[in-house]
Each structure stands twice: as C-alpha cells, then as structure tokens.
Amino acid sequence: MSKTGEYSTRVVEHLVLSRDVFRLTLEATKLAAAARPGQFAMLGCGSGFDPFLRRPLSIHRVQGVSGTVSFLYRVRGRGTEWLASRRQGEAVSLLGPLGRGFRYEGNSKRALLVSAGIGVAPLLFLAETLMGLNWTITILIGARTRKGILCRSDFERYGRVLVSTDDGSAGRRGSVVDLLRKVFDKDSYAQIYACGPQPVLVAVSQLSADKGIPAQLSLEERMACGLGACMGCVCQGADPSRMVRVCADGPVFDASEVILNG
Amino acid sequence: MADLPVQIAGIGMKNPVLVASGTFGYGAEYRPVFDVSRLGALVTKGLTLKPCAGNPAPRLWETPAGLLNAIGLQNPGVDVFISDILPVMRSYGVPVIANIAGFTGEEFVALAERLDGSGVDGLELNISCPNVKAGGMALGADPCLAASVVAAVVRATSLPVIVKLTPNVTDIAGLAREVVAAGAAALSLINTLLGLAIDVDAGKPALGNVTGGLSGPAIRPVAVRAVWQVAQSVDVPIIGMGGICTGRDALEFILAGASAVAVGSALFHDPLAAVKVIKELERYCERKEIGDWRSLIGAAWKRGNSLAGEVR
C-alpha cells in the first residue's frame, strides 16, 4: 500500500519568491503519484554529514502530468541555506511521502483555509485538491507585511482569498486570527484547515471548540527519522499521558487530538 | 557476495550489522524504505516496565555532524511490546534483541523475567541512558551498581544478556571488566555522550530536558577509542556503535575489536545507511580477498596483523 521510499531526485526549477522564501520543484515521479495533501518529505540538506539531519518540508504542489513535486520553504539555518543553493539539474535526496495528510470527507463541502507566513505551503496542494472535489473554499492568508503574503495569485485560482497584514500594507490590518473571527461571524463552514505559527493554531483550535466546527491543523516540529521510529518530534496528545508523533501520527491532526501550548 | 556470519552472545546473525536502540523503533517503521530482514539483528527502542510518556518537547537538536536527543524512553511498556509488537518483529526472520530500561535494579530484573520465554533472542541492558533521572546512566556509570544489576538480571533470565555501556565515565575498560565478571555475555558500546545546547534566540536550553545525549559522526572517535580499550580488557564480543555511517566507519570499529556494529543516527541522515554498510563490508572483504571476515576483529591491535600496511 505504502509508496513511501528513498529517492534521488533532480531540481527542475528553483524560484526565489521573496528575500528568504524559495519554491523548489523536483522531478519525482513516484512521489508525485503517491503524495496526498498535508503529507511531507524529508529532504537531504547537505553534501556531507554536516548538516547531519534531513529537513521535513510539506508538499506544496504536485504536477502528476510532469511528475514533479514542489516545496515552498523559508531559509532558516544551515540546512535550508544549503538547499537554497541547489541549481537546476542538481540532485536532492528525498524520503517520502510521509505522514498523515488532510482528510476531506463529508457532504457539506465548504472549507475555510487559514494560514500565516510560510504556513501556506501545504494548503495550496489542499486547495487544488478540494477544488477538484467541488468544494467551495475561502483562504485566509496572514503576514507581517505585504511582502510576506505568499502564493496569493495561486490561491485565487481555487477560491476566495482574504488577506491580513500586521502593518496594514495589504488587506486588513491586524492578525489573521482577527480576520478569522470576522469571517466566522458572517459565513458558515463545515471544516477548517490551518497551518502557521503556534499562536494561529491555538486560536483556530479555540474557535473550533467554541463554534463546534471541526478543524485540522498541520503541525511543524524538528524531526530526525520522519518515519515514526525515533520519538523525537512529539506533541502533547489530548490524553495527557500520551505524546503523539508529529511525523507519523500527523503532521495533520484534528484540533481535538492535540493540546498546543500557546 | 562475501558471507559475514557472526555469533554474539550465542545469537547467530547472518551479518554483523545491527541497528542501534531508539533509532529504529520496532522495525516496522522502516519497512516502507527497505527490507529490514537484511539486517543482522533488530534492537528495540528501550522498553520500560510501565508505559513511558518520555520527556517534554523539544527532544531533538542538531549539532555539528551530530544530534543531541532527550527522548526519555517513550515506549508503550513491556507488556504491550510482548503482546502487540514482538509477533510482528519476529515475522521478519531476524534475531530480535530487546533493549530494556529499568528505573531501578528490581525493574531490570522484572523486565528480564517478563521477557524470558517471550520469543526475543536476547536482552540489551540499557544502563547507560543519559536522559532519565533514575536508572540509566546514573546506575551504569557506577561499576559496583552496574555489576550488581547485571548479576541479578543474569540470574533471572535464560536469555543472553548484552550490556550497553555509557561513555560518560573515566575508565570504561574498568567498568566493562566489572560488568563482564558479573555475567554479561556481550557488550554494546557506546551509548550517547551527555551534552547540552543553548538556543541563543530563545536564551535557554534547546532541549526540554535541558541535557541530552550526543550521537552521530561527531562522537565516532570517542566510540572507536572505547571499543579499542574495552576489547583489549575483556573476552566477550563487543557490538560497536557511535556515528557509523559507512562501511569504512564500521571497519574502524571492527579493526578496533568490535565483533558487530550498530547503525543508529546515520539512519536519519540516510534511511538506507545500514544496508549500505552491509554492502560495503561485503565488497571490502571481496576486494581484500578475506576468507573469514572475523579475522578483521581487533586486527588493528592484535599481534601478527596480516593486514598491516594493507588497510588504508
């Protein structure tokens, strides 16, 4: 059943989207065929043993026809710096697809996608998939400034896009959480999907509980194996005695399955 | 292909490449990536008497050519292991070594009793975990305490007892001698080195547990030194580990005196690392036309080293 594997892939395209945000597209036919929205891959981020660990990146977009998979990432340290230096035609090793992705069942096909910053990464693949299943979606994108709003035009192909920035340089002034509350009061949704910094996920989780609307959260954590073996990337489960593995039990969790620290 | 059979504490293995406890879960996790039956033996994540939730996050921090971890023995407990996990592990057709971690000497004995006759092929006593407040390294760094636990476990089980030693001691050879005198049938060395990293952006320790265990290529010379010293001090086989990423790394341990090796953190760098190590050892033995690979064990210090001048 599982198509998870270790692959050597080639860089097809590597775009700089803003000062430190890149979109890496790899030729990875098997991964493209197997990947589902919300899943991720572990990418080799060095030519020797330093940096030592792979970096988990969520699958941003899949093009089945060309057999390519894209990753959207922010340069944060030595691993992603190395990755950012990869040019077209160069090799990148990759383990994937990994983890449990987003679920989208049910008849009431109205979804609210909530993201901030680099959190848009897994939601684009989700938005495209949901549109293919005739869902109606609203996408909220938050950032500090206008330059931090990522993939706006990409999302506009799949639904209504609303934007907020802390400084008001694009969309509504304020956080995406304020925007979320506003949107929530006006419309009804069957499902919320969210990815972004912890405070955003905490707010989404709280609203989900208050309004009784299920939410799925895509979590981020430092990882080592990516396969559920090492117990390194854990989050507090709803049962306080149980730590859940972000890589294997997630990275997408129902908001009710996890306890997030604000 | 060259054959690489070996016996460790009476456990027959088709090759001397194992996986280090804690890096491989219970084997099933890696099955999507490679055929785990190619390994010499499987070593479980550390098992405790009761289910253990482990340490608070964050549990991982990358360091230069290495990894600092403080998992804290998260596992479902020995009973769930025996009923739900072991039958699956046994189905792979390779020996299963249960790594056990008591928080007291009595718990080690209880774990050994529980696993006797369960179907595991051997026990690895984890008296070297640096990430728990009781048991672990606190127990295993004291030669007297370590020896008393080993003796009690050996009395309590018919299974071969392998003892995993901590490198966080001044005299690892002395510790090894005590543990072997107490009945250890083999030794695993080394467990992780105690370390600490500060997240300078957050202004506090990087790990939830504050301190952690350092592994990866960064610690390899420490591990090779430990194997070198211990191999010349005791007469039981040694499973060498600590930053092994390639066949050449494994050969360092073998030539220093290890009869088997375990690949651990390298699996995080490359999930195929252990199978690559097997292949590279096979190729090495063919290229060097080595009849019995076991002639390499300790060859770097043994008299009449036929490889001298040949091993590069």
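Residues numbered from 1 in each chain as written. Chains lettered and ligands numbered in written order. Predicted model: local features only at pLDDT ≥ 70, side-chain atom pairs only at ≥ 80, totals over all residues. Heavy atoms only, no water.

1. Considering the pattern of salt bridges
When charged atoms on two side chains of opposite charge get close, those side chains can pair. All chains considered together, the criterion is met by 19 salt bridges over all chains. The salt bridge partner of Arg78 of chain A is Asp50 of chain A, with a shortest N-O separation of 3.0 Å. Taken together, the positions of Arg78 of chain A in helix H2 (residues 78-84) and Asp50 of chain A in the loop between strand S3 (40-43) and strand S4 (55-63) put the pair 28 residues apart, joining distant regions of the chain. Residue classification places Arg78 of chain A among the partly exposed residues on the basis of a relative accessible area of 42%. Judged by relative accessible area, which is 35%, Asp50 of chain A ranks as partly exposed. Here Asp79 of chain B makes a salt bridge to Arg114 of chain B, at a shortest N to O gap of 2.8 Å. (Salt bridge = Lys/Arg side-chain N within 4 Å of Asp/Glu carboxyl O. Helix = DSSP H or I, 4+ residues; strand = E, 2+ residues; numbered from the N terminus. Buried < 20%, exposed > 50% of the residue type's maximum accessible area, 1.4 Å probe, protein only.)

2. Considerations on the domain arrangement of chain A
Residues and elements named next belong to chain A. We note that the domain assignment places domain 1 (5-98) and domain 2 (110-219) within chain A. Between the C-alpha centres of domain 1 and domain 2 the distance comes to 24 Å. Contacts between domain 1 and domain 2 engage 15 residues on the former and 15 residues on the latter. For the pair domain 1 and domain 2, the summed buried surface comes to about 1,200 Å²; carbon and sulfur atoms form 64% of the total. If you sort the residues of domain 1 by the area they bury against domain 2, Pro37, His60 and Arg61 come out on top, with a joint share of 39%. Inspection of the domain 1/domain 2 interface yields 2 salt bridges. Taken together, the links from domain 1 to domain 2 amount to 4 residue pairs in polar contact (both at pLDDT 80 or more). Looking at which element gives the most residues to the side of domain 1 that touches domain 2, the answer is S4, with 5 residues. Of the residues assigned to the side of domain 1 that touches domain 2, the class counts are 7 nonpolar, 3 polar and 5 charged. (Domains from an automatic or database assignment. Contact = heavy atoms within 4.5 Å. Buried area = accessible area lost by both parts, 1.4 Å probe. Polar contact = N/O pair within 3.5 Å; in protein donor to acceptor, adjacent residues only side chain to side chain. Nonpolar A, V, L, I, M, F, W, Y, C, P; charged D, E, K, R; others polar.)

3. Structural notes on the interface of chain B and chain A
Contacts between the two partners involve 34 residues from chain B and, on the opposite side, 28 residues from chain A. Both faces combined, the contact of chain B with chain A buries some 2,600 Å², and carbon together with sulfur accounts for 65% of it. In this assembly, chain B and chain A are joined by 1 salt bridge. Close ionic contact of Arg55 of chain A with Glu62 of chain B constitutes a salt bridge, the shortest N to O distance being 2.8 Å. In this assembly, chain B and chain A are joined by 9 residue pairs in polar contact (both at pLDDT 80 or more). Of all the secondary-structure elements, those providing two or more residues to the side of chain B that touches chain A are strand S5 (60-63), strand S6 (66-69) and helix H8 (266-269) of chain B. Here the side of chain B that touches chain A gets 4 residues from one element, more than from any other, and that element is S5 of chain B. Broken down by class, the residue content of the side of chain B that touches chain A amounts to 19 nonpolar, 11 polar and 4 charged.

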